[in-house]
Amino acid sequence: MTVTPATPLIDWHALVQVLYTSVALGIGLVVLFSVGVHSFSHYRRADSSVALRSLSVTAMGLVALVIAATVVWGFIVIINK
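Residues numbered from 1 in each chain as written. Predicted model: local features only at pLDDT ≥ 70, side-chain atom pairs only at ≥ 80, totals over all residues. Heavy atoms only, no water.

1. A look at the overall build of the protein chain
Counting secondary structure elements, the protein chain contains 2 helices and 0 strands. Over its C-alpha atoms the protein chain spans a radius of gyration of 21 Å, topping by over 25% the 12 Å that the globule rule assigns to 81 residues. Looking at the protein chain residue by residue over its 81 residues, the buried ones come to 9%. By element, 75% of the accessible surface of the protein chain is carried by carbon and sulfur atoms, the whole surface being about 6,900 Å². (Helix = DSSP H or I, 4+ residues; strand = E, 2+ residues; numbered from the N terminus. Rg over C-alpha atoms; globule rule 2.2 N^0.38 Å. Buried < 20%, exposed > 50% of the residue type's maximum accessible area, 1.4 Å probe, protein only. Areas by Shrake-Rupley, 256 points an atom, 1.4 Å probe, with all protein chains shown as cover.)

2. A short note on a nonpolar patch on the surface
A surface patch of nonpolar side chains, about 640 Å² in accessible area, is lined by Val-16, Leu-19, Tyr-20, Val-23, Ile-27, Val-31 and Val-35. Structurally, the position occupied by Val-23 is in helix α1 (residues 12–44). (Patch = residues over 30% accessible without salt bridge, like charges linked within 9 Å, V, L, I, M, F, W, Y side chains within 5 Å. Salt bridge = Lys/Arg side-chain N within 4 Å of Asp/Glu carboxyl O.)

3. Let's talk about helix α2 (residues 50–80)
Given 3.6 residues to a turn, an α-helix orients residues that are three or four positions apart in the same direction. The terminal C-alpha atoms of α2, which comprises 31 residues, lie 45 Å apart, in line with the 45 Å expected from a rise of 1.5 Å per residue. Those residues of α2 that sit buried are Ser-56, Val-63 and Thr-70. Against α1 lie the buried residues of α2. (Expected span 1.5 Å × (residues − 1). Contact = heavy atoms within 4.5 Å.)

4. So, the packing of α1 against α2
Two elements in contact, α1 and α2, have axes separated by 8 Å at closest approach and are oriented at 155°. Relative to α2, the element α1 is oriented roughly antiparallel. By crossing handedness, the relation of α1 to α2 is classed as left-handed. Listed contacts from α2 to Thr-21, Leu-25, Leu-29, Leu-32, Phe-33, Val-35, Gly-36, Ser-39, Phe-40, His-42 and Tyr-43 of α1 are Leu-52, Arg-53, Ser-56, Val-57, Ala-59, Met-60, Val-63, Val-66, Ile-67, Thr-70 and Trp-73. Per-class residue counts for the contact of α1 with α2 are 15 nonpolar, 6 polar and 1 charged. (Axes fitted to C-alpha atoms, helices over the stretch in contact; angles between N-to-C directions. Parallel < 35°, antiparallel > 145°, perpendicular 65-115°, else oblique. Left-handed = near helix turned anticlockwise from the far one by under 90°. Nonpolar A, V, L, I, M, F, W, Y, C, P; charged D, E, K, R; others polar.)

Below, the structure is given as structure tokens:
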């Protein structure tokens, strides 16, 4: 009769990975949203130049795409687990 070793109740390595990923994504999404709001405020200013407005629109578009891609990636991870 062979005895199998007991498996630990908590996988600490996976738990730490989830913690790091959650903190990084939480801080990253807040920073991205803040950049988007800041770009939007530059776009709405009356004294902004055309170049600054076009740069602000580009930044808002890129930020929106990155946030949307992160949300989609999160759903894919949830569905596949």
